[in-house]
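# Chains, contacts and geometry: an overview
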There are 2 protein chains.
Amino acid sequence: MQAYSTSADLMNMEQRKRAHLINSIGGFKSVCLIGSVDQAGQTNLAIFNSIFHIGANPPLICFVVRPDTADRHTSSNILATGSYTINHINEYIYKQAHQTSARYAKEISEFDATGLEAEYKNKFPAPFVRKSVIQLGVVYRQRIDISLNGTILIIGEINQLYYPEDCFCEDGYIDLEKAGTVTCTGLDSYHTTKRLERLSYAKPDKELTSIAIKHKS
Amino acid sequence: MQAYSTSADLMNMEQRKRAHLINSIGGFKSVCLIGSVDQAGQTNLAIFNSIFHIGANPPLICFVVRPDTADRHTSSNILATGSYTINHINEYIYKQAHQTSARYAKEISEFDATGLEAEYKNKFPAPFVRKSVIQLGVVYRQRIDISLNGTILIIGEINQLYYPEDCFCEDGYIDLEKAGTVTCTGLDSYHTTKRLERLSYAKPDKELTSIAIKHKS
């Protein structure tokens, strides 16, 4: 049976229940760890589940900051320093990644609290997560305030990109499934994936075909 | 081996290859069909892979429109009529869903071209996808133009919500995996999922526990 909820039903739900529901119904999400550092050198690591790219030229990536959450250390660090890292989560670190959402005091680094080791490389000023195999060094570009509910979008440009060489395909596609990247639903559910297939570029009156995955090495 | 690309490497890539790469490295994405209708009653159906919720109170959902794509029929319909539907994709319809990305002429409805049947209900003015088991009726709220690259964010409020009753959990979580919703990577890869686990609300100095999935029925 299909259940039906009106907007009034949704608004009448208990707040936490509605949060679970609305966080679920947007579909599977990209979930990543964002690493940053404040001007005194104190590191911060936080999990975000609303990350999306908004264009390839220049390569722009965006995430959503909710004003009432522990996210605020991340956004204040980014606005102060201009640099941050986005690190994919795999099944070996998803529990530590989830634990970064606890409300630690500002003077405690989630790198230390969760045991996720920081990694610095190629002169990028913000810390990467060593156990993450896909890592992005991002430079802050723009902040958009959404007046409807006080959330903030942080847009950055990809400045450094690290990925497993054997997950790179000839046409530029990166095989996240092979890299072990996980996805999430709702506020707390983590999932691995199983590929159905890659499909050819769609054209009117042309049958779709399967694209064979050809890794570079 | 981990490969390393600088922003200059990314900008020097062939355009289509860079598009595949940048579309991949944001992580797994929500992929849905957006149904709309123009003022003359002509329906439109298009696949979008950058859908994300931006808050539960009110329940707001957003998607990204790239100016240079077939997406433009969807956004012009939404701006003209104020209503649209977001329909989850499952493994029975992902090929038809992908096919909606072909550049059909304006006078051809992708519902007809792909064989995905439209469904109208509870007086909602825009067409749902009948074979989609999670369907959202959405009312347009705001448009945000991103000057960095000309993309547009369309924000809407959830007005009607349909989901399988047996996928609803007591705490409000909807089990998308049980509902058969698929996720995507890059421009063309579709995936089913396998849950690792749901994790408890994280607190400092408290061990995370697994949340048992308790469906309502």
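Residues numbered from 1 in each chain as written. Chains lettered and ligands numbered in written order. Predicted model: local features only at pLDDT ≥ 70, side-chain atom pairs only at ≥ 80, totals over all residues. Heavy atoms only, no water.

The next point concerns the overall build of chain A. A tally of regular secondary structure across chain A gives 6 helices and 14 strands. Against the globule reference of 17 Å for 217 residues, chain A gives a C-alpha radius of gyration of 19 Å, in line with a compact fold. Projected onto the principal axes, the alpha-carbon positions of chain A cover approximately 55 × 50 × 30 Å. In chain A, which comprises 217 residues, the share counted as buried stands at 60%. Taking contacts inside chain A between residues at least 6 apart in sequence as the whole, the part at least 24 apart equals 59%. Summed over all atoms, the accessible surface of chain A reaches about 8,500 Å², with 48% contributed by carbon and sulfur. Taking the average place of the 23 positive charges on the side chains of chain A and the average place of its 23 negative ones, the gap between the two points comes to 1 Å. (Helix = DSSP H or I, 4+ residues; strand = E, 2+ residues; numbered from the N terminus. Rg over C-alpha atoms; globule rule 2.2 N^0.38 Å. Buried < 20%, exposed > 50% of the residue type's maximum accessible area, 1.4 Å probe, protein only. Contact = heavy atoms within 4.5 Å. Areas by Shrake-Rupley, 256 points an atom, 1.4 Å probe, with all protein chains shown as cover. Lys, Arg positive; Asp, Glu negative; His and termini not counted. Charge placed at Lys NZ, Arg CZ, Asp CG, Glu CD.)

One pass over the structure, following the stated rule, counts 22 salt bridges over all chains. Note that lysine 106 of chain A is salt-bridged to aspartate 38 of chain A, the shortest N-O span being 3.5 Å. Placement of the pair is lysine 106 of chain A in the loop between helix H4 (94–99) and helix H5 (110–114) and aspartate 38 of chain A in the loop between strand E3 (32–37) and strand E4 (43–48), with a sequence separation of 68 residues. A salt bridge links glutamate 117 of chain B to arginine 130 of chain B; the nearest nitrogen and oxygen atoms lie 3.2 Å apart. Here glutamate 117 of chain B is found in the loop between helix H5 (110–114) and strand E8 (118–119), whereas its partner arginine 130 of chain B is found in the loop between strand E9 (128–129) and strand E10 (135–146), with 13 residues between them in sequence. The partly exposed category is assigned to glutamate 117 of chain B, whose relative accessible area is 48%. Counted as one network, the salt bridges with shared partners bring together Glu117, Glu119, Lys121 and Arg130 of chain A. (Salt bridge = Lys/Arg side-chain N within 4 Å of Asp/Glu carboxyl O.)

Attention now goes to helix H2 (residues 15–25) of chain A. Residue and element names in this part refer to chain A. Across the 11 residues of H2, 8 count as buried, placing the element largely inside the fold. Arg18, Ala19, His20, Leu21, Ile22, Asn23, Ser24 and Ile25 are the residues of H2 that are buried. With a side-chain oxygen positioned 3.0 Å from the backbone nitrogen of arginine 16, the residue opening H2 is glutamate 14. Downstream of H2 by a residue or two, glycine 27 has a phi angle that is positive, lying close to 100°. (Polar contact = N/O pair within 3.5 Å; in protein donor to acceptor, adjacent residues only side chain to side chain.)

Moving on: the packing of aromatic side chains. Residues and elements named next belong to chain A. Summed over all chains, the structure comprises 15 aromatic pairs over all chains. Centroid distance phenylalanine 128 to tyrosine 162: 5.3 Å. Interplanar angle 80°. Geometry classified as edge-to-face. A residue pair is termed long-range when its members are at least 10 positions apart, and phenylalanine 128 in strand E9 (residues 128–129) and tyrosine 162 in strand E11 (residues 151–164) qualify at 34 residues. A relative accessible area of 0% places phenylalanine 128 in the buried class. (Phe/Tyr/Trp six-rings, centres within 6.5 Å; stacked < 30°, edge-to-face > 60°.)

Of the residues lining the interface, 106 residues belong to chain B; the matching set on chain A comes to 106 residues. Of the roughly 9,300 Å² buried where chain B meets chain A, counting both sides, 60% is carbon and sulfur surface. Where chain B packs against chain A, one counts 4 salt bridges. Aspartate 188 of chain A is the partner of arginine 198 of chain B in a salt bridge, and the nearest nitrogen-oxygen pair spans 2.7 Å. Counting every contact that joins chain B to chain A gives 60 residue pairs in polar contact (both at pLDDT 80 or more). It is strand E13 (residues 189–199) of chain B that contributes the most residues to the side of chain B that touches chain A, 11 residues altogether. Considered class by class, the residues forming the side of chain B that touches chain A number 48 nonpolar, 37 polar and 21 charged. Taken together, the 5 bridges between E11 of chain A and strand E1 (residues 2–6) of chain B define a ladder with antiparallel strand orientation. From the neighbouring strand, tyrosine 163 of chain A faces E1 of chain B, where its bridge partner is alanine 3 of chain B. (Buried area = accessible area lost by both parts, 1.4 Å probe. Nonpolar A, V, L, I, M, F, W, Y, C, P; charged D, E, K, R; others polar. Pairing = 2+ DSSP bridges.)

Mapping chain B onto chain A is achieved by rotating through 180° and translating by 0.0 Å along the same axis, at an RMSD of 0.0 Å. Between the two chains, the operation in question is that of a two-fold axis. Closest to the rotation axis within chain B is the C-alpha of threonine 193 of chain B, separated from it by 2.1 Å. Looking at the interface residues of chain B, 100% of them are also at the interface in chain A, so both copies use one shared face. (Least-squares fit on C-alpha atoms with pLDDT ≥ 70 in both.)

Before going further, it helps to spend a moment on the pairing of E10 of chain B. Residue and element names in this part refer to chain B. Examined bridge by bridge, strand E7 (residues 83–88) and E10 share 5 bridges and lie antiparallel to one another. When the bridges of E10 are listed, serine 83 appears paired with valine 139. In this sheet, strand E11 (residues 151–164) lies alongside E10 in antiparallel orientation, the contact comprising 11 bridges. Bridge pairing links isoleucine 146 to threonine 151 in E11. Following E10, the chain reverses through 4 residues before pairing antiparallel with E11; glycine 150 in that reversal takes a positive phi of roughly 80°.

All names here are of chain B. Among the secondary structure elements, threonine 114 is positioned in helix H5. Residue class for threonine 114 comes out buried when judged on its relative accessible area of 11%. Apart from residues lying up to four places away in sequence, threonine 114 is in contact with Gln96, Gln99, Thr100 and Tyr104.

Moving on to helix H3 (residues 72–81) of chain B. One turn of the α-helix equals 3.6 residues, which is why residues spaced by three or four share an orientation. Residues and elements named next belong to chain B. Considered for burial, the residues of H3 that qualify are His73, Thr74, Ser75, Asn77 and Ile78. Buried residues belonging to H3 abut strand E3 (32–37), strand E4 (43–48), strand E6 (59–65), E7, E10 and E11. One or two steps after H3, the chain reaches glycine 82, where phi turns positive at roughly 85°.

Confidence in the prediction of chain A, expressed as mean pLDDT, is 95, and 98% of residues score 70 or more. Here the prediction assigns the complex a pTM of 0.96, and the interface score ipTM is 0.96. (pLDDT = per-residue confidence, 0-100.)

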